[in-house]
Amino acid sequence: MNPSAAVLFWPLALAGPTPVAQTADVATSTIHVDDTDGRLGLVDVDGDGDADLVLVDPSGIAVRELRADGTFAAEPDRRIAWPSADAGWTLVDADGNGTVELALYVDAERVRIVPLDGSATDAGRVELEFAGELPRGHVRMDFLRDVNGDGRVDAVLPSFGAYSIFLRNEDGGFAEPLRVRFESDIDFSFGAPDELDAVFGREIVVPWFSLEDVGGDGD
């Protein structure tokens, strides 16, 4: 695949009073991205309030922290390799501490949290173990999110014919799963048979839903 260049422009704030209208300086960073499989995201990985650059591609995750001059380095500050050939992934503030981390559902067996600020090894820590279902490859899916509105990040993991909802407890662990039975939303893509670069694969979607106390009894 031929790489394409993504050019990012980052406006720099002007210091001091500005009695007349001025145009903000512009810092330019050029990042090479795979033309089909690369994904860019701006998230705060180190809790300093600035948006850092995260690139996800077939080789793994590359992190570039925003520099003082408003640019990103040509080479990543750190790289995180995929721990397995099959993994669901998402970017989420799993701890509620203001920093975004990489969450992985590896081999449909375990949930790992990997800090992107360089404070941990590539393996990260295991948050949850559960045998579920995943398509082949590296698939983005929002499987960690606050389902019941208590401010804590829960887990929604797909399995055969059902989704298992793990609500996070106050101590940071997970309660026994609630199972919601319905058909898994899996899209199959067979590409164009007359094109050599046709894409073959499938994508699994974790539906967006919430849990609420409809009876008013606190449960």
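Here's what I pulled together on the structure shown here. (Residues numbered from 1 in each chain as written. Predicted model: local features only at pLDDT ≥ 70, side-chain atom pairs only at ≥ 80, totals over all residues. Heavy atoms only, no water.)

## Side note on the side chain of Arg145
No. 1: Relative to the assigned elements, Arg145 resides in strand S12 (residues 144–145).
No. 2: One buried charged side chain, Arg145, makes no salt bridge at all; its nearest oppositely charged neighbour is Asp142, positioned 5.5 Å away.
No. 3: There is a polar contact of 2.6 Å between the side chain of Arg145 and the backbone oxygen of Asp142. (Helix = DSSP H or I, 4+ residues; strand = E, 2+ residues; numbered from the N terminus. Buried < 20%, exposed > 50% of the residue type's maximum accessible area, 1.4 Å probe, protein only. Lys, Arg positive; Asp, Glu negative; His and termini not counted. Salt bridge = Lys/Arg side-chain N within 4 Å of Asp/Glu carboxyl O. Polar contact = N/O pair within 3.5 Å; in protein donor to acceptor, adjacent residues only side chain to side chain.)

## Topic: the packing of aromatic side chains
The geometry of an aromatic ring pair is captured by two quantities: the separation of the ring centres and the angle between the planes.
No. 1: The tally for this structure, following the rule as stated, stands at two aromatic pairs.
No. 2: When the ring of Phe130 is compared with that of Phe166, the centres are 5.2 Å apart and the planes differ by 70 degrees; the resulting orientation is edge-to-face. Of the two residues, Phe130 sits in the loop between strand S10 (125–129) and strand S11 (138–140) while Phe166 sits in strand S14 (residues 162–166), which places them 36 residues apart along the sequence.
No. 3: Overall, the relative accessible area of 5% leaves Phe166 in the buried class. (Phe/Tyr/Trp six-rings, centres within 6.5 Å; stacked < 30°, edge-to-face > 60°.)

## A short note on the pairing of S14
No. 1: Counting buried residues in S14 gives five out of five residues, a clear majority hidden from the surface.
No. 2: Burial along S14 is two-sided: the face carrying Ala162, Ser164 and Phe166 and the face carrying Tyr163 and Ile165 are both buried.
No. 3: In terms of strand pairing, strand S13 (residues 154–159) meets S14 through five bridges, oriented antiparallel. Directly across from Val156, in S14, lies its bridge partner Ile165.
No. 4: Connecting the antiparallel pair S13 and S14 is a turn made up of two residues, with Gly161 showing a positive phi of about 75 degrees. (Pairing = 2+ DSSP bridges.)

## A word on the layout of surface pockets
No. 1: Its volume calculated, the second largest pocket comes out at about 160 Å³.
No. 2: Along its surface, the second largest pocket is lined by 13 residues, and His32, Leu55, Arg64, Pro76 and Arg79 are the ones closest to its centre.
No. 3: Among the secondary structure elements, those contributing two or more residues to the lining of the second largest pocket are strand S2 (26–34), strand S4 (52–57) and strand S5 (60–64).
No. 4: In terms of residue count, S2 provides more of the lining of the second largest pocket than any other element does, five residues in total.
No. 5: Of the residues contributing to the lining of the second largest pocket, the split by class is six nonpolar, two polar and five charged. (1 Å grid on protein atoms, 1.4 Å probe; cavity = no way out; pocket = protein on both sides within 12 Å on 5 of 7 lines; lining within 4 Å. Points joined across faces, edges and corners; volume = space filled by probe spheres on them. Nonpolar A, V, L, I, M, F, W, Y, C, P; charged D, E, K, R; others polar.)

## So, the nonpolar core
No. 1: Counting 18 residues, the largest nonpolar core has Tyr105, Val111, Leu128, Phe143, Leu144, Leu157 and Phe166 as the members making the most contacts within it.
No. 2: Elements with a minimum of two residues in this core: strand S8 (101–106), strand S9 (110–115) and S13.
No. 3: If we skip the residues at most four places from it in the chain, Phe143 touches Gly88, Trp89, Thr90, Ala103, Leu104, Tyr105, Val111, Asp154, Ala155, Val156 and Leu157.
No. 4: Counting 15 residues, the second-largest nonpolar core is a separate cluster that includes Val45, Val63, Ile80 and Trp82. (Core = buried A, V, L, I, M, F, W, Y, C linked by side-chain atoms within 4.5 Å. Contact = heavy atoms within 4.5 Å.)

None of the figures reported here should be taken as evidence of function without further support.
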